[in-house]
Amino acid sequence: MNTKYNTTLLFSILIIGVVFLFLLNISLGSINIPIKDVYTSLLHGSCSKESWNYIILNYRLPKAIVAILIGIGLSISGLLMQTLFRNPLAGPYVLGLSSGASLGVAVVILGASLLPISLSEFFLSSFGIIIASSLGSFFVLISVLVIAKRLRDTIAILIVGLMFGSLTSAIVGSLTYFSSAEQLQKFTFWSLGNLGNLTWNSIGILTCCVTLGIILSVFSIKPLNALLLGENYARSLGINYKKTKYIILFATSILAGSITAFVGPIAFVGLAVPHIAKLVFQTSNHKILFWSTLLFGAIIMLICDSITQIPGTEIILPINAITSIFGAPIVIWLLVRKRKMMG
């Protein structure tokens, strides 16, 4: 009973934390807006200054929503991958989806000069880059699924994903070698990640993709608990392992692929957040772990995005730099902890 009370209390704190950080995230920036004004603007569509209202509704609200979607999507896909492969260092991009997206973007940005002017202008627009990134992720996903059909071993799928990542990275490296400084700069900016460039239409598409990925993941909660004890144990409980594997791979691909397409590759969030949820809730039960990872993902991403906007200045740090600074120490700690346990 006490454990149930503690879990409920922790979930309540997390939900309050998401709401508070959402309001705080919107209030911070080159112009600091009081949280009270943020609240009245979101609730009534007006606040003390009309200029503040415009900034909130047109710039900061969309970015805060995108931060929550990314945190949720990457964290859940990271949890799915870690459980499926039974590897604490597996993340949402282990299938090579991020590399596939990078390849798609590299081809259109770095190879734009080889295309006709009309096509070049379309693909160099923000919508064209999203399409190119989506196609790159989709190509890698189809390739991995086709090969996965022939492989029974889950670890082999992980290796195939890593090999696809290495292959696409090599092609991207070759393209960058022959590119101009302007093309390289544009590709670098994309690879650093950006949450603030999406229109409401793009946010609507991203929301649909993340929602679909989360719905598929929810259906995997029961099988995920069985998978913790291995493939054979899951089968002995009557779980269709093959079907579950494909649902998990597809859900991860939708989540990680769509997020990378819209905002660029965001490092470490999907790898680190599931471990934070496990540490705080002290459980491996996915009925608790799934929802706690989802909430922690939103919280961590809102914190990271708030840090990028240095309060009172117009300086905006790259989101990927902040998530890496946050995530890298956790990965190092995991490696040290794993070695101590083995020792």
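Bear in mind that the values here come from a model prediction, so they are computed numbers and not experimental data.

A. Summary view of the overall build of the chain. Check the secondary structure of the chain and you find 15 helices and 0 strands. Computed over its C-alpha atoms, the radius of gyration of the chain comes to 21 Å, within 12% of the 20 Å expected for a compact globule of 343 residues. Projected onto the principal axes, the alpha-carbon positions of the chain cover approximately 60 × 60 × 35 Å. Expressed as a percentage of the 343 residues in the chain, the buried residues total 51%. Here the chain holds 21 positive side-chain charges and 8 negative ones, and the gap between their average locations is 21 Å.

B. Spotlight on the environment of I33. The topology assignment puts I33 in the loop between α1 (2-27) and α2 (35-44). Overall, I33 belongs to the buried group, its relative accessible area being 3%. Considering only alpha carbons, one finds I33 and I56, 23 residues apart in sequence, at a separation of 8.8 Å. Leaving out residues up to four positions away in the same chain, I33 has contacts with S27, V38, W52, I55, I56 and R60.

C. Seen up close, the confidence of the model for the chain. On average, residues of the chain score 84 in pLDDT, and 93% of them reach the 70 mark or higher. Element-level mean pLDDT values for the chain span from 69 in helix α5 (residues 117-123) up to 93 in helix α14 (residues 286-308).

D. Main features of the packing of helix α6 (residues 126-150) against helix α7 (residues 154-177). Running from amino to carboxyl end, α6 crosses α7 at an angle of 145°, the nearest separation of the two axes being 10 Å. Like other packed secondary-structure pairs, α6 and α7 cross with a definite hand, here right-handed. Residues V140, S143, V144, I147 and A148 of α6 form the contact with α7, whose participating residues are I157, V160, F164 and T168. Among the residues making up the contact of α6 with α7, the classes are represented as 7 nonpolar, 2 polar and no charged.

E. Summary view of helix α13 (residues 269-281). Taking 1.5 Å of rise per residue, the 13 residues of α13 would be expected to cover 18 Å, and the 18 Å separating its terminal C-alpha atoms lies within 8% of that figure. In terms of burial, α13 is a largely internal element, 10 of the 13 residues being buried. Along α13, the residues that are buried comprise V269, G270, L271, A272, V273, P274, H275, I276, A277 and F281. One or two residues past the end of α13 sits Q282, with phi positive at roughly 50°.

F. Here's a closer look at the state of the cysteines. In this structure the tally under the stated criterion is 0 disulfides. Between C209, a free cysteine, and C208, which holds the nearest cysteine sulfur, the sulfur-to-sulfur gap is 6.9 Å. Looking at C209, the relative accessible area reads 22%, which means it is partly exposed.

G. Structural detail: the pattern of salt bridges. Inspection of the entire model under this criterion finds 1 salt bridge. Between D305 and K63 there is a salt bridge, and its shortest N-O distance comes to 3.2 Å. Taken as a pair, D305 in helix α14 and K63 in helix α3 (residues 50-85) lie far apart in primary sequence, 242 residues in all.

H. Seen up close, the packing of aromatic side chains. Under the definition given, this model contains 4 aromatic pairs. When the ring of F11 is compared with that of F281, the centres are 5.0 Å apart and the planes differ by 45°; the resulting orientation is tilted. Placement of the pair is F11 in helix α1 and F281 in helix α13, with a sequence separation of 270 residues. Judged by relative accessible area, which is 17%, F11 ranks as buried. Taking the relative accessible area as the measure of exposure, F281 reaches 10% and is therefore buried. Judged by centre distance (6.1 Å) and plane angle (25°), the rings of F187 and W190 are stacked. Of the two residues, F187 and W190 both sit in helix α8 (residues 181-191), 3 residues apart, roughly one turn of that helix. Across the pair, exposure class does not vary: F187 and W190 are buried alike. Seen from the ring of Y246, K245 lies directly overhead, with NZ or CZ sitting 5.6 Å from the centre.

I. Region of interest: a nonpolar patch on the surface. A grouping of F138, I142, V146 and I147 is seen on the molecular surface, where their side chains present a nonpolar patch of about 330 Å² in accessible area. For I147, the position within the fold is in helix α6. Using a relative accessible area of 31% as the deciding quantity, one classes I147 as partly exposed.

The rules behind each value
Residues numbered from 1 in each chain as written. Predicted model: local features only at pLDDT ≥ 70, side-chain atom pairs only at ≥ 80, totals over all residues. Heavy atoms only, no water. Helix = DSSP H or I, 4+ residues; strand = E, 2+ residues; numbered from the N terminus. Rg over C-alpha atoms; globule rule 2.2 N^0.38 Å. Buried < 20%, exposed > 50% of the residue type's maximum accessible area, 1.4 Å probe, protein only. Lys, Arg positive; Asp, Glu negative; His and termini not counted. Charge placed at Lys NZ, Arg CZ, Asp CG, Glu CD. Contact = heavy atoms within 4.5 Å. pLDDT = per-residue confidence, 0-100. Axes fitted to C-alpha atoms, helices over the stretch in contact; angles between N-to-C directions. Left-handed = near helix turned anticlockwise from the far one by under 90°. Nonpolar A, V, L, I, M, F, W, Y, C, P; charged D, E, K, R; others polar. Expected span 1.5 Å × (residues − 1). Disulfide = S-S within 2.5 Å. Salt bridge = Lys/Arg side-chain N within 4 Å of Asp/Glu carboxyl O. Phe/Tyr/Trp six-rings, centres within 6.5 Å; stacked < 30°, edge-to-face > 60°. Lys NZ or Arg CZ within 6 Å of the ring centre and 35° of its normal. Patch = residues over 30% accessible without salt bridge, like charges linked within 9 Å, V, L, I, M, F, W, Y side chains within 5 Å. Areas by Shrake-Rupley, 256 points an atom, 1.4 Å probe, with all protein chains shown as cover.

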